[in-house]
Amino acid sequence: QVQLVESGGGLVQAGDSLRLSCAASGGTFSRNRMSWFRQAPGKQRELVAGITSGGSTNYGDFVKSRFTISRDNAKNTVYLQMNSLKPEDTAVYYCAAITIGSYTYWGQGTQVTVSS
């Protein structure tokens, strides 16, 4: 059983930055693929970024180098650094852990609101 707790969301202005954190407990963090998803009102949940146990990363097309995902295995934490935020980035951001058995655990989400 993996528990995930996101933090770092909030209300910011367009062009600002935020860093989201996701602290994991249970399971073997270093072996899990970690991802950030987001869901805006009325829209489907979409992948923002992912990072493998080996540190390889991938991003949603809309990120366009504005966001960076990273992980600290010593702290069982994954981060999402978001720069140059836009109003369309407003969403609930969710952390996900995908185990080697392909089971996905989800956090409760953290709200990011970007005002114009």
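Above this text you will find the structure in question.
The text that follows walks through the structure, step by step, so that each part is easy to find. Residue numbering note: each chain is counted from 1, following its sequence as written. Where local features are concerned, this predicted model is filtered to residues with pLDDT of at least 70; where side-chain atom pairs are given and counted, the filter is 80 or more; whole-chain, interface and lining totals use all residues. Remark: hydrogens and water are excluded; side-chain values derive from all non-hydrogen atoms of the structure.

## Considerations on the overall build of the protein
Helix and strand assignments follow DSSP, with helices taken as H or I runs no shorter than four residues and strands as E runs no shorter than two, numbered in order from the N terminus. What the protein contains, in helices and strands, is zero helices and eleven strands. If you list the helices and strands of the protein from N to C, you get β-β-β-β-β-β-β-β-β-β-β. It is over C-alpha atoms that the radius of gyration is taken, and the globule rule equals 2.2 Å times the number of residues to the power 0.38. For 116 residues, the compact-globule estimate of 2.2 N^0.38 gives 13 Å, and the protein sits close to it at 13 Å. Overall size of the protein, expressed as C-alpha extent along the three principal axes, is 40 × 25 × 25 Å. Residue burial in the protein is summarised as follows: out of 116 residues, 41% are buried. Residues count as neighbours in contact if any of their non-hydrogen atoms are within 4.5 Å of one another. For the protein, long-range pairs separated by at least 24 residues make up 53% of all intrachain contacts whose partners lie at least 6 apart in sequence. Surface accessibility of the protein: about 6000 Å² in total, with carbon and sulfur atoms responsible for 46%. In this scheme, a residue with accessible area under 20% of its type's maximum is buried, one over 50% is exposed, and one in between is partly exposed, where area comes from a 1.4 Å probe on protein chains only. Where accessible areas are quoted, they stem from the Shrake-Rupley method and a 1.4 Å probe; at the residue level, only the protein chains shown are allowed to cover.

## Quick word on the nonpolar core
For the purposes of this section, nonpolar cores are sets of buried Ala, Val, Leu, Ile, Met, Phe, Trp, Tyr and Cys residues that join through side-chain atoms within 4.5 Å. Counting 28 residues, the largest nonpolar core has Leu4, Met34, Trp36, Val78, Leu80, Met82 and Tyr93 as its most contacted members. Of all elements in the fold, only β3 (18-25), β4 (33-39), β5 (46-51), β7 (67-72), β8 (77-82), β9 (91-98) and β11 (110-115) reach the threshold of two or more residues within this core. When near neighbours in sequence (up to four residues on either side) are disregarded, Val78 contacts Leu20, Ser21, Cys22, Phe29, Met34, Trp36, Ile51, Ile69, Ser70, Arg71 and Cys95.

## Regarding the pattern of salt bridges
Whenever Lys or Arg places a side-chain nitrogen within 4 Å of a carboxyl oxygen from Asp or Glu, that contact is recorded as a salt bridge. According to the stated counting rule, one finds three salt bridges in the structure shown. Of the charged contacts in the structure, one is a salt bridge between Arg38 and Asp89, with a shortest N-O distance of 2.9 Å. Separated by 51 residues along the polypeptide, Arg38 in strand β4 and Asp89 in the loop between β8 and β9 bring together distant segments of the chain. Across this residue pair, the class does not change: Arg38 and Asp89 are buried.

## What about the environment of Val12?
Mapping Val12 onto the fold places it in strand β2 (residues 10-13). You can call Val12 buried: its relative accessible area is 11%. Between the alpha carbons of Val12 and Pro87 there is a distance of 9.3 Å; along the sequence they are 75 residues apart.

## Let's talk about the state of the cysteines
Defined by distance alone, a disulfide is two cysteine sulfur atoms within 2.5 Å. Within this structure, the stated rule accounts for one disulfide. Cys22 shares a disulfide with Cys95; S-S distance 2.1 Å. Its S-S torsion of approximately -80° makes the covalent link between Cys22 and Cys95 left-handed. A residue pair is termed long-range when its members are at least 10 positions apart, and Cys22 in strand β3 and Cys95 in strand β9 qualify at 73 residues. The pair formed by Cys22 and Cys95 is uniform in burial state, with each residue classed as buried.

## Things to note about the side chain of Ser21
Positionally, Ser21 belongs in strand β3. Of the residues examined, Ser21 reaches a relative accessible area of 16% and is grouped as buried. Filtering out sequence-adjacent residues up to four positions away, Ser21 remains in contact with Val5, Glu6, Ser7, Trp36, Thr77, Val78 and Tyr79.

Purely spatial values, then, with no claim about function.
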